Amino acid sequence: MNVDALRLYVIVDPSACRGRDPVSVACAAVRGGAGIVQLRDKRGDIPAMLALAREMGRVVREEGGLFVVNDRVDVALVTGAHGVHVGQQDLPPAEVRALLGGEAVIGLSLKTAWQVDAAPVESLSYGAIG
């Protein structure tokens, strides 16, 4: 993964877009300097999420960014995303890496010092602390 891609990481959640088109928000983010755009959609149904991920991924790639999907390895695989961001209760990063391959972008949410110390760094592209 190109380390420059991590300069700005934008999370696009349709429920937080305040009526704006999430694909347009993602496009604007990359044009504004984001190297990675994550689709985070905890409320959407699968058909809607697949359609959104396909379109958002296409636009992000065309603009030169990397596209990752939050939590959903299946959606990332089907839509050709660059990777997945997982949480502590999702598939383990090593399993995600095995499914997506060595070049995939794999991120992990880390909330405690213990989680940071226990993070499987060999399987991760980045850790998100928050």
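First things first, this report covers the structure right here in the doc. (Residues numbered from 1 in each chain as written. Predicted model: local features only at pLDDT ≥ 70, side-chain atom pairs only at ≥ 80, totals over all residues. Heavy atoms only, no water.)

1. Some points on the nonpolar core
Move 1: Core analysis: the largest hydrophobic core is formed by 33 residues, its most contacted members being Val-12, Val-37, Leu-39, Met-56, Val-60 and Phe-67.
Move 2: For this core, the secondary structure elements donating two or more residues are strand 1 (9-12), helix 1 (22-31), strand 2 (36-39), helix 2 (46-62), strand 3 (66-70), helix 3 (73-79), strand 4 (83-86) and strand 5 (105-110).
Move 3: Considering each element in turn, this core owes the most residues, seven residues, to helix 2.
Move 4: Grouped together as the second largest cluster of nonpolar side chains are five residues, Ile-36, Leu-66, Val-68 and Tyr-126 included. (Core = buried A, V, L, I, M, F, W, Y, C linked by side-chain atoms within 4.5 Å. Buried < 20%, exposed > 50% of the residue type's maximum accessible area, 1.4 Å probe, protein only. Helix = DSSP H or I, 4+ residues; strand = E, 2+ residues; numbered from the N terminus.)

2. Concerning the pairing of strand 2
Move 1: Here strand 2 shows two buried faces, one formed by Ile-36 and Gln-38 and the other by Val-37 and Leu-39.
Move 2: Inspection of the sheet shows strand 1 paired to strand 2 by four bridges, in the parallel sense. Counted as the bridge partner of Val-12 is Leu-39 from strand 2.
Move 3: In terms of handedness, the path from strand 1 via helix 1 over to strand 2 forms a crossover that is right-handed.
Move 4: Alignment of strand 2 against strand 3, held across four bridges, turns out to be parallel. In the strand pairing of strand 3, Gln-38 is matched with Val-68.
Move 5: At this point the chain moves from strand 2, through helix 2, to the parallel strand 3, and the crossover so formed is right-handed. (Pairing = 2+ DSSP bridges. Right-handed = clockwise from strand over helix to strand, strands pointing away.)

3. A short note on the layout of surface pockets
Move 1: In this structure, the largest pocket occupies an estimated 220 Å³ of space.
Move 2: Put simply, the parts of the chain that give the lining of the largest pocket at least two residues each are strand 1, strand 5 and strand 6 (126-129).
Move 3: Among the elements that take part in the lining of the largest pocket, strand 6 stands out by supplying three residues, more than any other.
Move 4: Residues belonging to the lining of the largest pocket are distributed by class as follows: six nonpolar, five polar and four charged. (1 Å grid on protein atoms, 1.4 Å probe; cavity = no way out; pocket = protein on both sides within 12 Å on 5 of 7 lines; lining within 4 Å. Points joined across faces, edges and corners; volume = space filled by probe spheres on them. Nonpolar A, V, L, I, M, F, W, Y, C, P; charged D, E, K, R; others polar.)

4. Comments concerning the side chain of Gln-38
Move 1: Looking at the secondary structure, you find Gln-38 in strand 2.
Move 2: Given a relative accessible area of 2%, Gln-38 falls into the buried group.

5. Some remarks on the pattern of salt bridges
Move 1: All chains considered together, the criterion is met by six salt bridges.
Move 2: With its nearest N and O atoms 3.0 Å apart, the salt bridge here joins Asp-13 to Arg-40. With a gap of 27 residues between them, Asp-13 in the loop between strand 1 and helix 1 and Arg-40 in the loop between strand 2 and helix 2 connect regions that are remote in the sequence.
Move 3: Relative accessible area serves as the criterion here: at 31%, Arg-40 is assigned to the partly exposed category.
Move 4: Between Arg-58 and Glu-55 there is a salt bridge; the shortest N-O distance is 2.4 Å. Taken as a pair, Arg-58 and Glu-55 lie in helix 2 at a separation of three residues, close to a single helical turn.
Move 5: Overall, the relative accessible area of 32% leaves Glu-55 in the partly exposed class.
Move 6: One salt-bridge network, held together by shared partners, links Glu-55, Arg-58 and Glu-62. (Salt bridge = Lys/Arg side-chain N within 4 Å of Asp/Glu carboxyl O.)

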